[in-house]
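Single-letter residue listing:
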Amino acid sequence: MSIELSTALKRVKPPATAEMSRKARALKAEGRDVIALAAGEPDFDTPDNIKEAAARAMREGKTKYTDVDGIPELKDAVVAKFKRENGLDYTRSQVNVSPGGKTVIFNALMATLDRGDEVVIPSPYWVSYPDIALFCGGTPVFVPTTLECNFKVRPQELAKALTPKTKWLILNSPSNPSGAAYTETELKALAEVLLGFPNVHILTDDMYEHLTYGDFKFTTIAQAEPKLYARTLTMNGVSKAYAMTGWRIGYAAGPEKVIKAMAGVMGQTTSCASSIAQWAAVEALNGPQDFIPKNKLVFQGRRDLVVSMLNQAKGISCPTPEGAFYVYPSIAALIGKTTPNGNKIVNDEAFASELLEAEGVAIVHGEAFGLGPCFRVSYAASNAELEDACARIQRFCGSLR
Ligand SMILES: Cc1ncc(COP(=O)(O)O)c(C=O)c1O
């Protein structure tokens, strides 16, 4: 008899983003000409000074278990980062370092959720939030946003979603999948609502902090409203800003009680993040930062290219997001249309699979992020690939009747 899987695992599904990347790779392996715009990682390599710091750590024998929730040197670098870039004061004992940002979120929710606790998540959301909440026994509560509001949650909608059972609100700015980022004024308005709910904690996922464009000024909620500092977990990581997705280092700072409890989860799971990657992250945070503005400019050019070309596609409406490396166009005008093969575009999932089939462009459908009919394009790809992909999307949309 085969083993019965756990109830906790049965509650979750694999991320749709990974599934689309897998499909794209499989088609490529069959020899199909596929452009994959489904993955959420920078196409740049990790800067050399960071790689060298890792090599040095290995040469110096820094290859053993470390303190459970991070080496003191990395905690100090995180404290300095929050002070320098966000004006936030933390001490070492308020910092957690985990193997990747995803694990930071998992550790925080695992450490604090009991059955029936609600986690409020504006949609569209990063695919993992609801599943991590479910995995940890919590109940996700979604707050849908609209394209007209640039996919940002408004105070009155947030107020309606909060209940005495709400334990966490998860904010993500700039957002994966929409690229939308909250201004300081918008955060203050949300904070105003949260001040009326003193039992709600806020987990802010600032993973894309360094990828905002034009004049946009990044702000995080504990900075926008210092009265929320004591109940905010400010989460970030090196994955996106320093092109270090494979190194697996994420971090957070917040209330000592939560941080200590997260270490409790790690003590019986991962033990610690990789010692070598932690030393690399020290260099990423303390070393030269010139990599970041250079990348930002490249991404901004790509965003402008993709937004402009998608808006020229028949039936697509694509807002200009403030940050991250995603756009999230609506295909509401294309629902119900038919492909030249006679297949109906019944929803955004059908759009994604017909587009992959007809033109070999892999994107992720909006329902996977909890809000359709839309799709997500990751523009972490070369300009040539992006131009080609957008031209194919234009041709596909033009072929629908
Ligand atoms: C919004 C958001 N948060 C967290 C993560 C996880 O980052 P990491 O790769 O460090 O686990 C991602 C990765 O895609 C993300 O998009």
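Residues numbered from 1 in each chain as written. Predicted model: local features only at pLDDT ≥ 70, side-chain atom pairs only at ≥ 80, totals over all residues. Heavy atoms only, no water.

## Looking at the site of the ligand
Close to the ligand lie 13 residues, the nearest being Gly101, Asp205, Tyr208, Ser239 and Lys240. Between Tyr208 and the ligand, the recorded distance is 2.7 Å, taken from a side-chain N or O atom to an oxygen atom. Within the side chain of Lys240, an N or O atom sits 2.6 Å from an oxygen atom of the ligand. Burial of the ligand by the protein chains amounts to 92% of its free accessible area of 400 Å². For the ligand, the cavity whose grid points lie within 2 Å of the majority of its atoms is the largest pocket. Among the residues making up the shell around the ligand, the classes are represented as four nonpolar, five polar and four charged. (Near = heavy atom within 4 Å. Polar contact = N/O pair within 3.5 Å; in protein donor to acceptor, adjacent residues only side chain to side chain. Areas by Shrake-Rupley, 256 points an atom, 1.4 Å probe, with all protein chains shown as cover. 1 Å grid on protein atoms, 1.4 Å probe; cavity = no way out; pocket = protein on both sides within 12 Å on 5 of 7 lines; lining within 4 Å. Sits in = over half its atoms within 2 Å of the grid points. Nonpolar A, V, L, I, M, F, W, Y, C, P; charged D, E, K, R; others polar.)

## A short note on the sheet that holds strand 12 (residues 375-378)
Hydrogen bonds along the backbone pair up the strands of a sheet, which may run parallel or antiparallel. Spatially, the three strands line up as an open sheet ordered 9-12-11, and their pairing is antiparallel. Whereas interior strands pair on both sides, the edge strands pair on one side only; in this sheet they are strand 9 (326-327) and strand 11 (364-365). Alignment of strand 9 against strand 12, held across two bridges, turns out to be antiparallel. Bridge pairing links Val327 to Val377 in strand 12. (Pairing = 2+ DSSP bridges. Helix = DSSP H or I, 4+ residues; strand = E, 2+ residues; numbered from the N terminus.)

## Quick notes on the layout of surface pockets
A volume near 590 Å³ is recorded for the largest pocket. Taken together, 29 residues make up the lining of the largest pocket; nearest its centre are Thr17, Gly40, Lys102, Trp126 and Lys240. Contributions of two or more residues to the lining of the largest pocket are made by helix 2 (16-29), helix 5 (101-112) and helix 6 (128-135). In terms of residue count, the dominant contributor to the lining of the largest pocket is helix 2 (four residues). Each residue belonging to the lining of the largest pocket can be placed in one class, and the counts come to 12 nonpolar, 10 polar and seven charged. (Points joined across faces, edges and corners; volume = space filled by probe spheres on them.)

## Regarding the packing of helix 3 (residues 48-59) against helix 11 (residues 275-286)
Viewed as axis vectors pointing N to C, helix 3 and helix 11 meet at an angle of 140°, and their least axial separation amounts to 8 Å. With respect to helix 11, the element helix 3 is oriented oblique. The hand of the helix 3/helix 11 crossing is right-handed. Mapping the contact onto sequence places Asn49, Ile50, Ala53, Ala54, Ala57 and Met58 in helix 3 and Ile276, Trp279, Ala280, Glu283 and Ala284 in helix 11. (Axes fitted to C-alpha atoms, helices over the stretch in contact; angles between N-to-C directions. Parallel < 35°, antiparallel > 145°, perpendicular 65-115°, else oblique. Left-handed = near helix turned anticlockwise from the far one by under 90°. Contact = heavy atoms within 4.5 Å.)

## Comments concerning the side chain of Glu225
You can see Glu225 is positioned in the loop between helix 9 (221-224) and strand 7 (232-237). Comment: no salt bridge for buried Glu225; closest opposite-charge side chain is Lys227, at 4.5 Å. A distance of 2.8 Å separates a polar side-chain atom of Glu225 from the backbone nitrogen of Lys227. Among residues more than four places away in sequence, those in contact with Glu225 are Ala191 and Leu195. (Buried < 20%, exposed > 50% of the residue type's maximum accessible area, 1.4 Å probe, protein only. Lys, Arg positive; Asp, Glu negative; His and termini not counted. Salt bridge = Lys/Arg side-chain N within 4 Å of Asp/Glu carboxyl O.)

## Here we look at the pairing of strand 8 (residues 250-253)
One face of the sheet, then the other: side chains in a regular strand alternate in exactly this way. Burial along strand 8 is two-sided: the residues Gly250 and Ala252 and Tyr251 and Ala253 are all buried. Bridging between strand 2 (residues 95-98) and strand 8 involves four bridges; their strand directions are antiparallel. Residue pairing for strand 8: Val97 is matched across the bridge by Tyr251. Bridge count for strand 7 against strand 8 is four bridges, and the pairing is antiparallel. By the bridge assignment for strand 8, Asn236 is matched with Tyr251.

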